[in-house]
Structures are given as structure tokens and as C-alpha cells.
Amino acid sequence: MQLIEMDRWSRGRVVLLGVAAHRASPASGQGTGMALVGAYVLAGELAAADGDPTAAFARYEAEMRGYAAAHHALAEKFARGMTVTSRWRIRLRMLMLRMLPYMPWKGAVAKKIAEEVQRVARAITLKDYSASAAHGAADRPAAASGPRPGHRAYAS
């Protein structure tokens, strides 16, 4: 299991998103959620940037860095228990996992883990980008209806 930390997530007109930007390792169990939150923040910042991707990327990263750091800390905590190396610790972990379904406190353990995951999942306050997106859309000409040339429209 690895944790990847990068100095920055963008250069010029290229930006990393999801696993490419803020991989928190499988130990956090939050990769998909982080990718969805990152996509929302990036799309909102791009809409609010008035055509300046460099500014949007910087604001996207500023919004997401703390959120990613919280997930990295959770992943490090969980990874310590998942990556034991000595024989006796591996045996002890396997014994505990086999015994867990029969333990009277199994619900309390699961609840504590779920609370930690939920706390970290809520470690960001998402902005409402609809006002800034509507403002930006008012400044642009309306898009023509129908598919663009070379693109198919699908009905659901």
C-alpha cells in the first residue's frame, strides 16, 4: 500500500483529478468519494474562473488540500493495522479477524470505524457554485440546441 503526495496538482492547462491527484491508498476506502468531490469542486471553480484555468486550478487545489490531508491521515492509521510484518502480528491479526464475529463488542468496533470514515468524508464544506455558474453563463452566448457536429445525441 502506498500513499502518494504531490507538491501540486496542476501545471499550465493540465490538472490532475481523483486518484491521480490525491490518492489516499486503498486503506482509506474513500477513493471514489474523493474523486466525486474533487470533480464537483474542479467543475465549480472552472465555472467561477471566467475562463482562467490557472486561477481555477489553484482554487481547486486550495479547496481540496485539507480534505485530501484528512483522508491521508485516515489511510495511514488504517494501513498500520493492515500491513503488519512479523509472523506473530500476522497470526494475531488473523485470529482477531476470525474471532470478531463472535465478540460481543463487534458492533462498537464497527461503529467507531464508521464514525471515523464519516468524519473524514465530511472534512470539506462544499460551496454552492450555481450562482457563479449562472453568472458566467449569462455572459456567454446560449449554446445551440442539438448535438455538436460529429457527436451523437442519445435519448434515455
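Residues numbered from 1 in each chain as written. Predicted model: local features only at pLDDT ≥ 70, side-chain atom pairs only at ≥ 80, totals over all residues. Heavy atoms only, no water.

### Looking at the overall build of the protein
What the protein contains, in helices and strands, is 6 helices and 2 strands. Listing every helix and strand of the protein by position from the N terminus yields β-β-α-α-α-α-α-α. The 156 residues of the protein split such that 25% are buried. Sequence separation of 24 or more characterises 70% of the internal contacts of the protein that already satisfy a separation of 6 or more. Accessible area for the protein stands at about 10,900 Å²; split by element, carbon and sulfur atoms hold 60% of it. (Helix = DSSP H or I, 4+ residues; strand = E, 2+ residues; numbered from the N terminus. Buried < 20%, exposed > 50% of the residue type's maximum accessible area, 1.4 Å probe, protein only. Contact = heavy atoms within 4.5 Å. Areas by Shrake-Rupley, 256 points an atom, 1.4 Å probe, with all protein chains shown as cover.)

### Regarding the pattern of salt bridges
All told, the structure shown has 5 salt bridges when counted by the stated rule. Residue R65 pairs with E61 through a salt bridge whose shortest N-O separation is 2.8 Å. Here R65 and its partner E61 are both found in helix α3 (residues 53–82), 4 residues apart, which amounts to about one turn of the helix. Residues joined by salt bridges that share partners form a network here, namely E45, R59, E63 and K127. (Salt bridge = Lys/Arg side-chain N within 4 Å of Asp/Glu carboxyl O.)

### Section: unusual backbone geometry
Backbone geometry at D50 places phi at a positive 50°, although glycine is not the residue there. Here D50 lies in the loop between α2 (31–48) and α3.

### With respect to the environment of A68
Summarising the element assignment, A68 is placed in helix α3. The exposure class of A68 is buried, given its relative accessible area of 3%. Apart from the residues lying within four places of it in its own chain, the contact partners of A68 are W9, H22 and M34.

### A word on the confidence of the model for the protein
Summary statistics for the protein give a mean pLDDT of 79 and a share of 77% for residues scoring 70 or more. Note on residues 137–156: pLDDT is under 50 here. Beyond four places in sequence and across chains, it has 3 contacts. (pLDDT = per-residue confidence, 0-100.)

### Brief notes about a nonpolar patch on the surface
A surface patch of nonpolar side chains, about 730 Å² in accessible area, is lined by W88, L92, L95, M96, M99, W105, V109 and I113. Contributions of two or more residues to the nonpolar patch are made by α4 (87–99) and α5 (106–121). Among the elements that line the nonpolar patch, the one with the most residues is α4, at 5 residues. With respect to the secondary-structure elements, I113 resides in helix α5. (Patch = residues over 30% accessible without salt bridge, like charges linked within 9 Å, V, L, I, M, F, W, Y side chains within 5 Å.)

### Regarding the nonpolar core
Judged by nonpolar contacts, the single largest core of 13 residues is most densely connected at W9, V37, V41, Y60, M64, Y67 and I124. For this core, the elements supplying multiple residues, two or more each, are α2 and α3. (Core = buried A, V, L, I, M, F, W, Y, C linked by side-chain atoms within 4.5 Å.)

### Some points on α2
Helix length check: α2 (18 residues) gives 26 Å between terminal C-alpha atoms against 26 Å at 1.5 Å per residue, within 8%. Regarding α2, the residues found buried are M34, V37, G38, V41, L42, G44 and E45. Buried residues of α2, seen end-on, are gathered within an arc of 165° and therefore sit on one face of the element. Exposed residues lying more than 90 degrees from the buried face of α2 are T32 and L36. Taken from the residues just after α2, D50 is the one with a positive phi, measuring 50°. (Expected span 1.5 Å × (residues − 1). Arc of directions from axis to C-beta.)

### Overview of the environment of E63
If you trace the backbone, E63 turns up in helix α3. Of the residues examined, E63 reaches a relative accessible area of 25% and is grouped as partly exposed. Distance in space between the C-alpha atoms of E63 and L42 is 9.2 Å, their sequence separation being 21 residues. If we skip the residues at most four places from it in the chain, E63 touches V41, E45, I124, T125, K127 and Y129. Reaching out from E63, the side chain makes a polar contact with the side chain of K127 at a distance of 3.4 Å. (Polar contact = N/O pair within 3.5 Å; in protein donor to acceptor, adjacent residues only side chain to side chain.)

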